[in-house]
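Fold and contact review
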Amino acid sequence: MGLSHKVGLITVVLAACGTSAEVTDGGAVDASADVTLLDASLDAPHVTENIVVTVDATKTDVPFRDLVGVNKAPRSWDGKAPNNEYDISAGYKALGISQVRIHDDRLDICAIYTDAKIEDYASGSPVTVTTCTVDPIGGPPHLKWTVKNSATVNDLANYRFDDLDASISATLAAGSKPYVRLGFNYNGPNDVGDIASWAKVATNVYKHIIGAFGPSAVKVDPQYVEVFNEPDGAFWVGSKSDFASLFNATVDGVRAAAADAGKIVKVGGPGFTAEYLQKVNIAGSVANGFASAVTPARLDFFSVHSYNKCDAAMLSTTETFFKNVRAQIDKEGLASKPMHISEWNIGLGKGCGMNFFATAQVQSYASGVLTLMQDAAYNIDVGEFYSGAPPMSVFDFDQAQVGKVIVRPSAWSFWAHSRLVGGTRLATQVCSGGACGSSTAAKAPVIAIAGTVGTKRYAILTNDSASSVATTVRVTNASSGNFTVYVPPSAIQWVTATKSGSRYVMDATSMAALAESIAPVTQPGVMANGGLESNVTLAARSIALVQLP
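Each value, and the rule that gives it
Residues numbered from 1 in each chain as written. Predicted model: local features only at pLDDT ≥ 70, side-chain atom pairs only at ≥ 80, totals over all residues. Heavy atoms only, no water. Helix = DSSP H or I, 4+ residues; strand = E, 2+ residues; numbered from the N terminus. Buried < 20%, exposed > 50% of the residue type's maximum accessible area, 1.4 Å probe, protein only. Pairing = 2+ DSSP bridges. Phe/Tyr/Trp six-rings, centres within 6.5 Å; stacked < 30°, edge-to-face > 60°. Axes fitted to C-alpha atoms, helices over the stretch in contact; angles between N-to-C directions. Parallel < 35°, antiparallel > 145°, perpendicular 65-115°, else oblique. Left-handed = near helix turned anticlockwise from the far one by under 90°. Contact = heavy atoms within 4.5 Å. Nonpolar A, V, L, I, M, F, W, Y, C, P; charged D, E, K, R; others polar. Expected span 1.5 Å × (residues − 1). Polar contact = N/O pair within 3.5 Å; in protein donor to acceptor, adjacent residues only side chain to side chain. Core = buried A, V, L, I, M, F, W, Y, C linked by side-chain atoms within 4.5 Å. Disulfide = S-S within 2.5 Å. 1 Å grid on protein atoms, 1.4 Å probe; cavity = no way out; pocket = protein on both sides within 12 Å on 5 of 7 lines; lining within 4 Å. Points joined across faces, edges and corners; volume = space filled by probe spheres on them. Salt bridge = Lys/Arg side-chain N within 4 Å of Asp/Glu carboxyl O.

1. Brief notes about the overall build of the protein chain
When helices and strands are counted, the protein chain shows twelve helices and 33 strands. Residues counted as buried form 57% of the 549 residues belonging to the protein chain.

2. Quick word on the pairing of strand β27 (residues 482–486)
With four of its five residues buried, β27 lies for the most part within the structure. Strand direction decides the pairing type here: β27 and strand β30 (residues 520–524), joined by five bridges, are antiparallel. Note that in β30 the partner of Tyr486 across the bridge is Pro520.

3. Points about the packing of aromatic side chains
Where two aromatic rings form a pair, the distance of their centres and the angle of their planes describe that pair. Summed over the entire model, instances satisfying the criterion amount to 32 aromatic pairs. Ring geometry for Tyr224 versus Phe301: centroids 5.8 Å apart, planes at 90°, classification edge-to-face. Here the residue Tyr224 occupies a position in strand β15 (residues 224–227), and Phe301 occupies one in the loop between α7 (290–294) and β17 (302–307), the gap between them amounting to 77 residues. Its relative accessible area of 6% is what places Tyr224 among the buried residues. Ring geometry for Phe228 against Trp236: centres 5.8 Å apart, planes inclined by 85°, an arrangement best described as edge-to-face. Taking the relative accessible area as the measure of exposure, Phe228 reaches 1% and is therefore buried.

4. A short note on the packing of helix α8 (residues 315–334) against helix α10 (residues 360–372)
Two numbers describe how α8 lies on α10: the axes approach to 10 Å, and their chain directions differ by 30°. Here α8 lies roughly parallel to α10, going by the angle between them. Regarding α8 and α10, the two cross each other, and that crossing is right-handed. Together, Leu315, Thr318, Glu319 and Phe322 of α8 and Tyr365, Gly368, Val369 and Leu372 of α10 make up the contact between the two elements. Partitioned by chemical class, the residues of the contact of α8 with α10 number five nonpolar, two polar and one charged.

5. Description of helix α4 (residues 195–209)
For α4, which comprises 15 residues, the first-to-last C-alpha distance of 21 Å matches the rise-based estimate of 21 Å (1.5 Å per residue) to within 8%. With twelve of 15 residues buried, α4 is to be regarded as a mostly interior element. Listing the buried residues of α4 in full gives Ile195, Ser197, Trp198, Ala199, Val201, Ala202, Thr203, Asn204, Val205, Tyr206, His208 and Ile209. Its side-chain oxygen placed 3.4 Å from the backbone nitrogen of Ala196, Asp194 serves as the N-cap of α4.

6. Some points on the nonpolar core
Within the largest apolar cluster, 130 residues are counted, with the highest numbers of intra-cluster contacts made by Trp145, Tyr276, Trp344 and Phe395. When residues in this core are grouped by element, the largest group, eight residues, is from helix α5 (residues 240–260). Residues Val53, Val446, Ala544 and Leu548 belong to the second largest nonpolar core, which totals 24 residues.

7. Quick notes on the state of the cysteines
Under the definition given, this model contains three disulfides. Paired through a disulfide, Cys310 and Cys352 show a sulfur-sulfur distance of 2.1 Å. Residues Cys310 and Cys352 are joined through a disulfide that is left-handed, its torsion about the S-S bond being -85°. With Cys310 in the loop between β17 and α8 and Cys352 in helix α9 (residues 349–352), the pair connects residues that are 42 residues apart, well separated along the chain. Accessibility classification places Cys310 together with Cys352 in one group, the buried group. One disulfide bridge connects Cys431 with Cys436, the sulfur atoms lying 2.0 Å from each other. A torsion of 110° about the S-S bond marks the disulfide between Cys431 and Cys436 as right-handed. Residue classification places Cys436 among the partly exposed positions, given a relative accessible area of 47%. Cysteines bonded in the protein chain are numbered consecutively along the chain; their disulfide partners then correspond to 1-2, 3-4, 5-6.

8. Observations regarding the packing of α10 against helix α11 (residues 411–418)
What describes two packed helices is the angle between their axes and the distance between those same axes. The contact between α10 and α11 brings their axes to 8 Å, and the two run at 30°. Judged by the sense of rotation from one axis to the other, the crossing of α10 with α11 is right-handed. Residue-level contacts link Gln363, Ala366, Ser367, Leu370 and Thr371 of α10 to Trp412, Ser413, Phe414 and His417 of α11.

9. Some words on the layout of surface pockets
Empty space within the largest pocket amounts to approximately 920 Å³. Taken together, 34 residues make up the lining of the largest pocket; nearest its centre are Tyr186, Glu230, Phe235, Leu348 and Tyr386. For the lining of the largest pocket, the element with the highest residue contribution is α9, accounting for three residues. Among the residues making up the lining of the largest pocket, the classes are represented as 14 nonpolar, twelve polar and eight charged.

10. What to know about unusual backbone geometry
Here the residue pair Gly269 and Pro270 is connected by a cis peptide bond, since its omega of 0° sits within 30 degrees of zero. For the peptide bond that leads from Tyr386 to Ser387, omega is 5°, which places it in the cis range. As for its position among the elements, Ser387 is in the loop between β19 (380–385) and β20 (395–396). Not every positive phi belongs to a glycine, and Lys72 is a case in point at roughly 80°. Among the secondary structure elements, Lys72 is positioned in the loop between β6 (69–71) and β7 (75–78). The buried category is assigned to Lys72, whose relative accessible area is 9%.

11. A short note on the pattern of salt bridges
Inspection of the entire model under this criterion finds 16 salt bridges. Between Asp162 and Arg160 there is a salt bridge, with its nearest N and O atoms 2.9 Å apart. We note a salt bridge from Arg541 to Asp464, for which the minimum N-O separation is 3.9 Å. Highlighted residues: Arg541 in the loop between β32 (531–538) and β33 (542–548) and Asp464 in the loop between β25 (456–463) and β26 (468–476), separated in sequence by 77 residues. Here the salt bridges share partners, and the residues they tie into one network are Arg106, Arg160, Asp162 and Asp163.

Dropping the structure here:
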């Protein structure tokens, strides 16, 4: 089936009698006592103190928020061999990616609207250029984008929608919903000469997506439209007042267009950088006074980005960031507004190095953040990992392996958490060293979340620490039943892609087989300490999906 992978060997130790058994690809083990799962690829891992994760089988909490989103549509090019285009829709579908932020690959207003003047101010004086991006030296560029004739912004001949249409089509083919970001690409225009015309062009892009401006092979009704991206960073070098005017005009235009078409859309933004909490206190920054400048009424949501510190990343740092952003925007009059984390990852490529994103640490960090974002106190409605396709991605390509797609360990975090989408959370707590608290708090070495989906109950356990952790999973108000544990791969896997026309299409059967090859280990629960229990040792930087009794 064109599948090349190796699932790590699982050793099952029968604690009651001292015997052992092995589980290899596709196998399952039935045990008659508490079991410990160890990743055999680790050399005598140090095991920390026992953690107890307690799930109440009858006490439901709030619905799961659908946060299993990524940046970049499932159509991408191998950056090292740009003529090799890949369609990885099958990968997104297999992982359960529910939403895709159409951002810096296909929705670039500079590329879409062809009748604009682009001026480079790098030398201090404007120099007209013919490209939508430049390679700056010593800092961000200063490119000013200005519509040549404001009277013709509604002329369909000035627009080129083919890339956008293809991006949305691929997103829908993956079973995902598009999250629309209106703005420019990285190293592209970051200043605007005619704000009113920019807003009209941006509104026409939205109208095209919903089928109200120009012919389109696909029409879709996006739930969210995010206006701009990182205006407190390299994506905007104009004035604070100009940005507020641009934002306001665009929000008003999109809302009016939606109303005219009988659509309901939530509009917000602006996708502030991960340095938002520092920038908000700088008088000259767009982040300073943003809510009052645009008025809370124009924000159906507030979006910001979160990047950690690569191999030094800690979930507690991200948790603190979420808490502090929530407190800041509440103070600015946005207490009722949800947050969108429209970009997030363990770090940025330039700081981590691109190979780092293929490590197991990104898997455990991603699962931990997906758990943290479920905390109702933050009111996070949308999470968009950066990204699904290269760079810093769950899928990757290798010039030396043309016709194959790399599935990185982080992919399985989305696979696990997508199992809970549409379900309801179960009351869960984590106890460590005698102290118990919220399972979604980044205090103990293990962070956990559990819920019921239909007739099934699941828990996701995440160990983002550098040591193995002995964990007891206890289900209260359940009298009998089995625990079934799935431990996904912690190394890269390969899936074939078949040449079809001008692109390589990821093989859906092979990708589905890879997901199905994660071998379950089944064991009956043992009644103890007021509930059904099972013991699981989580390897360092690992996750486990547990189907509960």
